[in-house]
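# Residue-level structural notes
Residue strings, one per chain:
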Amino acid sequence: MKSIERLRSGINTIDEKILQLLSERRKLSKEVIQAKDLTDKPIRDKERESQLLRSLIKTGKEIGLDSNFVTKVFYEIIEDSVRIQQNHVLNIGKKASVKDATFRIAIQGIEGAYSYLAANKFFANHGNQLEFIGKKRFDDVIKSVESGEADFAFLPIENTTSGGINEVYDLLLHTSLSIVGEEVFQIKHCLVSYKEVPITKIEKIYAHYQTAAQCSKFLETLPDVVIEYYADTAMSVQKIKEEKNPNFAAIASEEAADIFKVKIIRKNIANQSENYTRFLVITRKPIEVDLRIPCKTSLVLATSQEPGSLVEALSVFKKNGVNLTKLESRPILGNPWEEMFYLDFLGNIKDEKVQQLLDELGKYTRFLKVLGSYPTQEVIKTKLDFLSSEKPAEKIASAKTEEVKRKKIISKKSKEYKLASRDYKPEDTIIKVKDVLIGGNNFVVIAGPCSVESYEQIMTCGAEAKENGAQILRGGCFKPRTSPYSFQGLGFEGLDLLNKVGKQYDIPVITEVLAIEQIQQVAKYSDIVQIGARNMQNFALLKEVGKIHKPVMLKRGLMASIDELLNAAEYILSYGNRQVILCERGIRTFETATRNTLDLSAIPVLKELTHLPIIVDPSHAIGQRDKVIPLAKAAKVVGAHGIMVEFHPEPEKALSDGPQALYFSQFEELMQSLRKLD
Ligand code: PEP
Ligand code: MN
């Protein structure tokens, strides 16, 4: 016995020594990063790491340690050192612009929930005090950060057993917050109860529905037990504590059992023993991640709806040698059968290579929004590539030529707008609205009254448009009128009528928004959202329509240059919405004989500068119905992708723009003469 004790104490002494040595190794590791700071060298030195492992394996063998053991132990040690070095350069704390040293963190649930535990782990390295703000719902967590109540939202995004958390994905699409970090947390579900009790005595189990799904196999072994869903794991523990009924149990983490001082009845009850949840750290400002740290970028996109467009978009990653780590799809609310794709890839938005990739990706998308670039938790294990054929010197040389190539492409972009330009996207953008194609070689006719005035009026107009081959029905509901005493439009009531008629005649509709508050509702009921001439430089409005998933027709301002029009379009494009149609509707010149002067020269000029479709509105340009037809024909001849004209069943009685409204007979004549130009 004595000798066993002596041996054990010998082992204890060695273990302590190992700890001492590990701590000393950490210290040196920190000094190394300080030295690297000065030299700007990357944190990972893969060459050195693999050399180190090789020599350790060799030495290990000589002293009786097998290579598998040595590799495992040193993977852990190297990983630790990489994390320490990464944390050193990581500036999340400094960038969070928090006044005091306390971080206010919004989570779904209460203290003891997995979000709480994972957040503690994530922020442990940042040395800040943590204050938790518990919310019942995910959207309230996001709102808490948006309103400034909290500094960070800490939300689960996916689980290795139960998959993506849809609600969080949908919230990411709409928020203006950015992802600044991730935490992968191992979930260890236990069955817990108020008192020590045999499993057979359990009558009811409280569990979060996701948690119950992750433990379904275990729960199947208890067929008589009632399962009651609860908002989160910690709350279910709180519930059994309050009820003090030993026959009630909850599913929660070991840590939650500890916090609430309840008994663990059974450990490891999840279907998969390796059960991880990935959490996202979200805040108001994006962070810039040091290029020396391995980084992940998350984005959301919608591809054009042509066959193969997703493949084309994904091939951009392959072409650029970027590693895609996640692809998830979600339906677009309000656009049935259309999907939004969420992608994660390894790369830093600051990196030119990633910028180039995003530029290219944008060409295949209808919507593109970067959700954030943040340090990844995945420490890529050191590879022992004994077979590396390329000599390091050659590698460096080839990397240099790559860089030179990239620099050349980027320096070509000199204009202030980029996404709208032909340099960025040489091919025409074709926008699909229901079955109507706008752009490319298509010519589209948008027609309808200036304003929606009544059900009968818009119904008659819908029939006239459809009957004569117009593809899209227009009708203003919110009217920008020069005089406040003129008819201001029927508002949402008009929108409802327009939508009904669109459905009745199976014809897409377009209407104008004047204010930010109208956008969501208009985007829901109108197939295209119009920004009128007076709002072309209403940048707040442009940013908001940049976030929607419906095409936007942007009309040229009364006094706006072509360059200003394209910069206005750039606002919409840069906020994610890649479906922008331009509209030339006449500009103000010294000429007073006509309402405006139709700038037909703008069409070929715009076609050279931009890939976006261009529509001509002769009605608002000339302001007189009998001169609309020749201008409409001219628009087609000069290369516009379509026209928009106003008509009315009784132009004399029109509540707005009567003098320029075509009689139905004139509209029919116009359609015939356009056909002759084919
Ligand atoms: C319109 O098209 O209804 C309109 C108001 O036009 P604009 O913004 O070009 O004046
Ligand atoms: Mn009008």
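Cut-off values and rules
Residues numbered from 1 in each chain as written. Chains lettered and ligands numbered in written order. Predicted model: local features only at pLDDT ≥ 70, side-chain atom pairs only at ≥ 80, totals over all residues. Heavy atoms only, no water. Patch = residues over 30% accessible without salt bridge, like charges linked within 9 Å, V, L, I, M, F, W, Y side chains within 5 Å. Areas by Shrake-Rupley, 256 points an atom, 1.4 Å probe, with all protein chains shown as cover. Salt bridge = Lys/Arg side-chain N within 4 Å of Asp/Glu carboxyl O. Helix = DSSP H or I, 4+ residues; strand = E, 2+ residues; numbered from the N terminus. Buried < 20%, exposed > 50% of the residue type's maximum accessible area, 1.4 Å probe, protein only. Contact = heavy atoms within 4.5 Å. Disulfide = S-S within 2.5 Å. Pairing = 2+ DSSP bridges. Axes fitted to C-alpha atoms, helices over the stretch in contact; angles between N-to-C directions. Donors = N, O, S within 2.8 Å, 3.2 Å for Na, K, Ca; no water. Phe/Tyr/Trp six-rings, centres within 6.5 Å; stacked < 30°, edge-to-face > 60°. Lys NZ or Arg CZ within 6 Å of the ring centre and 35° of its normal. pLDDT = per-residue confidence, 0-100. Near = heavy atom within 4 Å. Polar contact = N/O pair within 3.5 Å; in protein donor to acceptor, adjacent residues only side chain to side chain. Nonpolar A, V, L, I, M, F, W, Y, C, P; charged D, E, K, R; others polar. Arc of directions from axis to C-beta. Domains from an automatic or database assignment. Left-handed = near helix turned anticlockwise from the far one by under 90°.

Residues Ile14, Ile18, Leu19 and Leu22 make up a contiguous nonpolar surface patch of about 370 Å² in total accessible area. Assignment of secondary structure puts Ile18 in helix 1 (residues 2-39). You can call Ile18 partly exposed: its relative accessible area is 43%.

Residue position: Tyr194 is located in the loop between strand 6 (189-193) and strand 7 (204-207). Looking at Tyr194, the relative accessible area reads 25%, which means it is partly exposed. With 392 residues separating them in the primary sequence, Tyr194 and Gly586 have C-alpha atoms 76 Å apart. Residues within four places of Tyr194 in sequence aside, it is in contact with Ile240, Lys244, Asn245, Pro246, Phe248, Val262 and Lys263.

A few words on the state of the cysteines. Per the counting criterion, the structure on display carries zero disulfides. Note on Cys461: no disulfide assigned, nearest cysteine sulfur contributed by Cys450 at a separation of 11 Å.

The complete set of buried residues in helix 6 (residues 138-146) reads Phe138, Asp139, Val141, Ile142, Ser144 and Val145. Contacts made by the buried residues of helix 6 are with strand 1 (102-108), strand 2 (129-135), strand 3 (152-159), helix 7 (166-174) and strand 11 (276-283). Following helix 6 by one or two positions, Gly148 has its phi on the positive side, about 95°.

Strand order around the closed barrel formed by eight strands is 18-19-20-21-22-23-24-25, with parallel pairing between neighbours. Geometrically, the sheet is characterised by an average inter-axis angle of 25° between neighbouring strands, direction not taken into account. The pairing of strand 23 (residues 580-584) with strand 24 (residues 614-616) spans three bridges and is classified as parallel. Counted as the bridge partner of Leu582 is Ile614 from strand 24.

Protein coordination of the manganese ion (ligand 2) is provided by Cys450 (SG), His620 (NE2), Glu646 (OE) and Asp657 (OD), with donor distances spanning 2.0 to 2.4 Å. Sequence spacing among the residues donating to the manganese ion (ligand 2) works out to C-x169-H-x25-E-x10-D. Residue Cys450 is located in the loop between strand 18 (444-448) and helix 15 (455-467), and its partner His620 is located in helix 21 (residues 618-622); the two are separated by 170 residues in the primary sequence. Here the two residues Cys450 and His620 agree in accessibility, since each one is buried.

Centre-to-centre distance and the angle between the planes together describe a pair of aromatic rings. Inspection of every chain in the model, using the stated rule, returns 17 aromatic pairs. Between Phe647 and Phe667, the ring centres sit 4.8 Å apart and the planes meet at 65°, which makes this aromatic pair edge-to-face. Highlighted residues: Phe647 in the loop between strand 25 (642-646) and helix 23 (664-676) and Phe667 in helix 23, separated in sequence by 20 residues. For the pair Phe647 and Phe667, one class covers both residues: buried. What links up through ring pairs into an aromatic cluster is the set Phe103, Phe122, Phe123, Phe152, Phe154 and Phe279. The cationic tip of Lys204 hangs over the ring face of Phe248; the distance from NZ or CZ to the ring centre is 4.8 Å. Above the ring of Phe443, the side-chain terminus of Lys636 is found at 4.9 Å from the ring centroid.

Attention shifts here to the confidence of the model for the protein chain. For residues with low pLDDT, the predicted coordinates do not support detailed interpretation. When the pLDDT values of the protein chain are averaged, the result is 89; 91% of them are 70 or greater. Note that pLDDT drops below 50 for residues 93-99; the model gives that stretch six contacts with residues more than four away or on any other chain. Segment residues 385-397 is flagged for pLDDT under 50; beyond a separation of four residues in sequence, or across chains, it makes four contacts in the model.

Taken across its nine residues, strand 5 (residues 178-186) has seven buried, putting it largely inside the fold. In terms of strand pairing, strand 5 meets strand 11 through eight bridges, oriented antiparallel. Note on strand 11: the bridge partner recorded for Glu183 is Phe279.

Neighbouring residues of ligand 1: Arg474, Lys479, Pro480, Glu512, Gln530, Gly532, Ala533, Arg534, Lys555, Arg585, His620 and Met644. Between ligand 1 and Lys479 there is a distance of 3.1 Å, counted from an oxygen atom to a side-chain nitrogen or oxygen. Tallied by class, residues from the shell around ligand 1 come to three nonpolar, three polar and six charged.

Every buried residue of helix 20 (residues 602-609) is listed here: Ala602, Ile603 and Leu606. End-on, the buried residues of helix 20 take up no more than an arc of 95°, which puts them together on one face. Of the surrounding secondary structure, the elements contacted by the buried residues of helix 20 are helix 19 (562-574), strand 23, strand 24 and helix 22 (628-638).

With that settled, the discussion passes to the environment of Lys524. Within the secondary structure layout, Lys524 lies in helix 17 (residues 519-525). On the basis of relative accessible area, Lys524 is assigned to the exposed category, the value being 54%. As for Lys524 and Asn335, which are separated by 189 residues in sequence, their C-alpha atoms are 8.6 Å apart.

Moving on: the sheet that holds strand 13 (residues 324-332). As summarised here, the arrangement of the four strands in space is 13-14-12-15, forming an open sheet in which the pairing is antiparallel. The sheet is open, and its two edges are formed by strand 13 and strand 15 (365-375), each paired on a single side. Along the sheet, successive strands turn relative to each other by an average axial angle of 15°, direction set aside. Summarising the sheet, strand 13 and strand 14 (residues 335-346) pair through eight bridges and their orientation is antiparallel. In the strand pairing of strand 14, Lys326 is matched with Asp344. Strands strand 12 (295-303), strand 13 and strand 14 of the sheet are contacted by helix 12 (residues 309-319), whose axis makes an angle of about 10° with strand 14.

Examined at the domain level, the protein chain breaks down into domain 1 (15-36 + 44-90), domain 2 (190-269) and domain 3 (417-476 + 490-676). The gap between the C-alpha centroids of domain 1 and domain 2 is 41 Å.

Bringing the pattern of salt bridges into the picture now. Scanning the entire structure with this criterion turns up 33 salt bridges. Measuring nitrogen to oxygen at the nearest pair gives 3.6 Å for the salt bridge that ties Glu288 to Lys350. Taken together, the residues Glu288 in the loop between strand 11 and strand 12 and Lys350 in the loop between strand 14 and helix 13 (352-362) connect sequence positions 62 residues apart. Within this structure, Glu158, Glu182, Arg278, Lys296, Lys326, Glu328 and Asp344 form a network of salt bridges that share partners.

Relative to each other, helix 15 and helix 16 (residues 492-505) sit at 35°, their axes nearing to 9 Å. Helix 16 is crossed by helix 15, and the crossing has right-handed handedness. On the side of helix 15, the interface is formed by Tyr455, Ile458, Met459, Gly462, Ala463 and Lys466, while helix 16 contributes Leu497, Leu498, Val501, Gln504 and Tyr505. Partitioned by chemical class, the residues of the contact of helix 15 with helix 16 number eight nonpolar, two polar and one charged.

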